[in-house]
Amino acid sequence: MSTLRGLDKKAFVTHIDDVEWIEVSEGFRIKKLLCQKTAGKTEFYFGMAELAPGKSIPPQKANLSCCTNILKGRVWARLGRQRFELEEGASNYFPAGLPHAYEASGDQGVTFVFCYATDNPIGEDLKIEAVSEEECRAYYQPNCPSNLMSPGTEGTGCRWATAADTDPWVIVEAAQGTRSQMFRAHFDEIKGCKELWWGVCTTRPNCRYTPHFHEQAEIFYILSGHGTMYGGSEIFQVRPGSLLYAPSNCMHGMVNDGNDDLLALYCCSIETVGTAYNREEIADVPIVAPADRTDLMLSKV
């Protein structure tokens, strides 16, 4: 029996409930869900953070680019002298070297996930430097990529803050229509992000996302719903707080075997492999009961 291409790469799942909190400062703590210490060098440094009511992450700049997504609460997000109040489902993109800050608003604090792009020589050697208020006020970045209004001017601007419902849902597999996975792209190269594709995706109950692989490494963080995910030759049950990591050219896909939509954050690394999305589907997935799915080894297809 020969192993199908895409099955010889190992994927894995981790769960946020199995990770301990780390106190960074008063009122600010994080969980490291995917990091070099526990997973070796990957293309992502992914975690969860909490800011208590009234607490802030003061103006700073990092040597790695970062995307965030608000899970709960409200936050004043700032890049340079511009700021927006963002709510649940909103996302940020903070390019490397630019001054940015977070301040919890409301009386419940804010919970968010963050992902640093580490597919570069720096790796996970994250260095964060405090910046002055004067430096913050001296920098201005319009929250609009130039090519949004002027095609042909790609690379001259970026979107760095977006609400949850900014972008339309896009169907992944046209033959299935809305029975396929659908996604909303918050940040990508068209919108000015050069390191990551970042957004949300949803799969309806009793529907599936066909197993496939591509050059870009990818992670999925489950926001709501339950389902079965495929990664390499492994099969995983996922729930809210689960993170699946699929390295470059590793087969991955999913089935929603729950009663509610399976909603997840997705993130693909484009920092070194580029944006040519050469997707190869390798197998179809029958809809079978979860109890029977453990024997469904795609390497036998």
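Refer to the structure presented above.
Just so it is clear, the model here is predicted, and its values are computed rather than measured.

Trainee: Please clarify how the overall build of the chain should be interpreted in this entry.
Mentor: Across its full length, the chain holds 2 helices and 22 strands. Burial status across the chain gives 52% buried among its 301 residues. For the chain, contacts bridging at least 24 residues in sequence account for 72% of all contacts bridging at least 6. Put simply, the chain shows about 13600 Å² of open surface, and 50% of that area lies on carbon and sulfur atoms.

Trainee: Whenever I open this one, the sheet that holds strand β15 (residues 208-213) confuses me. Can you help?
Mentor: The pairing of strands in a sheet comes from backbone hydrogen bonds and takes either a parallel or an antiparallel form. Taken together, 5 strands build an open sheet; the order of strands is β18-β17-β20-β15-β22 and the sheet is antiparallel. Of all strands in the sheet, those bounded by a partner on one side alone are β18 (234-238) and β22 (280-281). Taken together, the 2 bridges between β15 and β22 define a ladder with antiparallel strand orientation. Residue pairing for β22: H212 is matched across the bridge by E281.

Trainee: Before we go on, may I ask you to explain the side chain of D188 in this structure?
Mentor: Position of D188 among the secondary structure elements: in the loop between β13 (182-187) and β14 (196-203). Among the residues examined, D188 registers a relative accessible area of 11% and is labelled buried. Reaching out from D188, the side chain makes a polar contact with the backbone nitrogen of K191 at a distance of 3.0 Å. In this structure D188 touches C193, L196 and W197, once residues within four positions along its chain are discounted.

Trainee: What should I look at first to understand unusual backbone geometry in this one?
Mentor: Peptide bonds are mostly trans, and most non-glycine residues show a negative phi. Residue N206 is not a glycine yet carries a positive backbone phi of 60°. Mapped onto the elements of the fold, N206 is located in the loop between β14 and β15. Residue classification places N206 among the partly exposed residues on the basis of a relative accessible area of 42%. In this model, N249 sits at a positive phi of 60°, which is unusual for a non-glycine residue. Turning to its location among the elements, N249 is positioned in the loop between β19 (242-246) and β20 (252-255).

Trainee: Quick question: what am I supposed to make of the pairing of strand β17 (residues 227-231) here?
Mentor: Residues in a regular strand point their side chains to alternate faces of the sheet. When you tally the buried positions in β17, you get 5 out of 5 residues, the bulk of the element. Every second residue of β17 is oriented toward a common face, with G227, M229 and G231 on one face and T228 and Y230 on the other, all of them buried. Here 5 bridges tie β17 to β18, and the two strands are oriented antiparallel to one another. The partner of M229 across the bridge, within β18, is F236. Remark: 2 residues form the turn of the hairpin made by β17 and β18, two consecutive strands paired antiparallel; G232 in that turn has positive phi of roughly 60°. Bridging between β17 and β20 involves 4 bridges; their strand directions are antiparallel. Along β20, the bridge assignment pairs Y230 with G253.

Trainee: It is not clear to me how the side chain of R159 should be interpreted in this structure. Could you clarify?
Mentor: Position of R159 relative to the elements: it lies in the loop between α2 (133-138) and β11 (161-162). At 2.9 Å, the side chain of R159 forms a polar contact with the side chain of D167. Not counting residues up to four positions away in its chain, the partners in contact with R159 are Y93, N143, C144, P145, T166, D167, A185, H186, F187 and K191.

Trainee: What am I meant to see in the pattern of salt bridges here?
Mentor: Pairs can form between side chains of opposite charge whenever their charged atoms are close. Under the counting rule described, the total for this entry stands at 12 salt bridges. A salt bridge links R279 to E173, with the shortest nitrogen-to-oxygen separation between them at 3.0 Å. Here the residue R279 occupies a position in the loop between β21 (262-269) and β22, and E173 occupies one in the loop between β12 (170-171) and β13, the gap between them amounting to 106 residues. Residue R279 is joined to E281 by a salt bridge in which the shortest nitrogen-to-oxygen separation is 3.0 Å. Residue R279 is classed as partly exposed on the basis of its relative accessible area, which comes to 23%. A relative accessible area of 46% means that E281 is categorised as partly exposed. Connected through salt bridges with shared partners, the residues E173, R208, R279 and E281 form a single ionic network.

Conventions adopted
In this numbering scheme, every chain counts its residues from 1 along its sequence in written order. pLDDT decides what is reported in this predicted model: residues at 70 or higher carry local features, side-chain atom pairs at 80 or more are listed and counted, and totals for whole chains, interfaces and linings draw on all residues regardless. Hydrogens and water are ignored here; the side-chain numbers use all heavy atoms of the structure. Secondary structure is summarised from DSSP: a helix means a run of H or I of at least four residues, a strand means a run of E of at least two, and numbering begins at the N terminus for each. Type-normalised accessible area, obtained with a 1.4 Å probe on protein chains alone, sets the label of each residue: buried when under 20%, exposed when over 50%, and partly exposed for intermediate values. Contact criterion: two residues are considered in contact whenever any of their non-hydrogen atoms come within 4.5 Å of each other. Here the open area of atoms and residues is found with the Shrake-Rupley method and a 1.4 Å probe, where only the protein chains shown may cover a residue. Strands pair, by our definition, only if DSSP identifies at least two bridges between them. Think of a polar contact as two N or O atoms within 3.5 Å of one another; within protein, one of them needs to be a possible hydrogen donor and the other a possible acceptor, and neighboring residues in sequence only count if both atoms come from side chains. A pair is scored as a salt bridge if a Lys or Arg side-chain nitrogen falls within 4 Å of a carboxyl oxygen belonging to Asp or Glu.

By themselves these figures say nothing about function.
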